[in-house]
Structure formats: C-alpha cells, structure tokens
Amino acid sequence: MNKHLERMEVYPMFIELSLHLGNIQTLLTQNKILYVDKKLTSTDDELVLNDLKVRDIPVLDDEEVIEYQKILKNSQPQLHDYFNFAKSIWSIVYDSIDVVVKRNKNNLQSKSGFFSYKTPEILYVWQYTTRKVYKTKNQTKTSLKLIFKGQQDNLTIPEIISTFSKTYEKNNEVSYPIFEVFCNDIFPLEQTLVPIFKRKILSYVNQNVTITRKLIS
C-alpha cells in the first residue's frame, strides 16, 4: 500500500481498503465476516451493496478468541489511517478535475455518453454506460470503454467518436452527451485519473438531472 500511495495510485486499492475496513467493523460489532465473491479485475471495478455478503467466523477456542480480538483492535486503526490517506489523495484529485459539457447538454439523462482527456502528447476518448444491477431496485454500475487513444490531428471529438465507436449508428450515439475533462497530468492515468474522471462526470450528471427534474415539477 505504501508503494501505491507514494505513486498516488488510488484504485483498485481504495475499494479494497474500504472493504477491509468494513470487514473489520463487521467482525468487531457482529462477529461476522464481510466479503465479496467477485474479483477486482480492473482499476475501474465497482462494488455495490448486492456484491457484499456476510458469513459466520469459524469456531474458536478461548485462547484464539483473545488473539483474534487483539488482532482486530491493532489492525483497525492502521487500516483507518491508510484509508484516510488514500481518501485525501482521492479528494485532491477529484477537486482538481474540471468537467465541461461540449455537446448534447439537454440529454444528460442518457445512460451513455462520451468524454475526452488530452495530454500534451495523446488524446483519449472513453464511452461510459450505466446499467441497472440485475435483481436490484436502485443499484447501478457504470462501465468505461476506451474507444480512441492517439493523435487528434485535424479531427474533432465528434468526428473521432463517429469514426471509432462501433455502435455509433446502431445506438444513435450522435445524441449522447460529450464531455471534456481537464486535470493536472502528474497523477497516474489508469490507477487514479480515469476512475475519478468517471465519478466526477456521474456526479455532474446526477446533480444536473436532479435540478432539471425539480424545475420541471
């Protein structure tokens, strides 16, 4: 964890830290293990409430119970410190990101859209898609797909999207919102910027959709 934090790499460690901290709290308060079956296969993986599961701890004798409680009490503050440090890096990065809607601002309620980020050398364009989690009421997950990485040349972002998105015509993606994000490129792209780009855009979308609904009602 120290090495990741020194390099300002937040994901997927931040999710793992949150899970471990929640697990220790559950062990201390309920004597149960909090866990997930799924593996975190990418830096952008998300956990929703439906992923969390609980099981009983193994049967322990008196001596093991004392040692078990001692381990929990010693490890909780250490994990909490790591979590707070990772959270502070997360907040610094999140606050340093600017999000600008470049096209289709009136269609922010769409479950899919695009965003671009440009370094001095390379342009990146991703598509985000939000879907409901199967067999849940109000839980969603948002996935990202990198559709372009390279030199922009004389192409506009909409031209790049229409050229490189394989589902552009099929899904009428000309109506999808297009964002541009700006941030200092001192932070790692895959482990920090991209996951937080996504969360910043989703926060922007949710706030604007909520305001629009209130104005209409």
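Residues numbered from 1 in each chain as written. Predicted model: local features only at pLDDT ≥ 70, side-chain atom pairs only at ≥ 80, totals over all residues. Heavy atoms only, no water.

This brings us to the overall build of the protein. Along the protein, the regular secondary structure elements total five helices and seven strands. Taken along its principal axes, the extent of the C-alpha atoms in the protein is 70 × 40 × 35 Å. Across the protein, the fraction of contacts at a sequence separation of at least 24, relative to all contacts at a separation of at least 6, is 65%. Here the protein carries 29 positive and 25 negative side-chain charges, and the mean point of each set is 9 Å from the other. (Helix = DSSP H or I, 4+ residues; strand = E, 2+ residues; numbered from the N terminus. Contact = heavy atoms within 4.5 Å. Lys, Arg positive; Asp, Glu negative; His and termini not counted. Charge placed at Lys NZ, Arg CZ, Asp CG, Glu CD.)

With that settled, consider the sheet that holds strand β6 (residues 140-150). If you walk across this open sheet you meet the five strands as β3-β7-β4-β5-β6, and the pairing is mixed. The two strands at the open ends of the sheet, each matched to only one other strand, are β3 (98-103) and β6. Recorded for the sheet is a direction-independent mean angle of 25 degrees between the axes of neighbouring strands. The pairing of strand β4 (residues 112-118) with strand β5 (residues 123-132) spans seven bridges and is classified as antiparallel. In the strand pairing of β5, S116 is matched with V125. (Pairing = 2+ DSSP bridges. Axes fitted to C-alpha atoms, helices over the stretch in contact; angles between N-to-C directions.)

With that out of the way, let us pick up the packing of helix α2 (residues 13-30) against helix α3 (residues 62-96). Running from N to C, α2 and α3 cross one another at 145 degrees; their axes reach a closest spacing of 9 Å. Considering how the two elements wind past one another, α2 and α3 form a crossing that is left-handed. For the pair formed by α2 and α3, the contact residues are M13, F14, L17, S18, H20, L21, I24, Q25, L27 and L28 on the first element and Y68, Q69, L72, S75, Q76, L79, H80, Y82, F83, A86, K87 and W90 on the second. Taken together, the residues that form the contact of α2 with α3 break down as 14 nonpolar, seven polar and one charged. (Left-handed = near helix turned anticlockwise from the far one by under 90°. Nonpolar A, V, L, I, M, F, W, Y, C, P; charged D, E, K, R; others polar.)

Let us now look at the environment of M1. Relative to the helices and strands, M1 resides in the segment before α1 (2-6). The exposure class of M1 is partly exposed, given its relative accessible area of 40%. Not counting residues within four places of it along the chain, the set of residues in contact with M1 comprises M13, L17, L79 and Y82. (Buried < 20%, exposed > 50% of the residue type's maximum accessible area, 1.4 Å probe, protein only.)

On to the nonpolar core, then. Judged by nonpolar contacts, the single largest core of 41 residues is most densely connected at Y117 and F179. Where this core is concerned, the elements lending two or more residues are α2, α3, β3, β4, β5, β7 (178-182) and α5 (189-216). Those residues in contact with F179 that sit more than four places away from it in its chain are V99, V100, V101, K102, L108, F114, F115, S116, Y128, I201, Y204 and V205. With 11 residues, the next largest nonpolar core counts F114, L123, I161 and I178 among its residues. (Core = buried A, V, L, I, M, F, W, Y, C linked by side-chain atoms within 4.5 Å.)

The next thing to look at is the side chain of E173. With respect to the helices, strands and loops of the structure, E173 is situated in the loop between α4 (157-164) and β7. This buried residue, E173, is left without a salt bridge; K145 holds the nearest opposite charge, at 7.9 Å. For E173, the side chain forms a polar contact with the side chain of T167, separated by 2.4 Å. In contact with E173, other than residues within four places in its own chain, are F114, Q127, S165, T167 and Y168. (Salt bridge = Lys/Arg side-chain N within 4 Å of Asp/Glu carboxyl O. Polar contact = N/O pair within 3.5 Å; in protein donor to acceptor, adjacent residues only side chain to side chain.)

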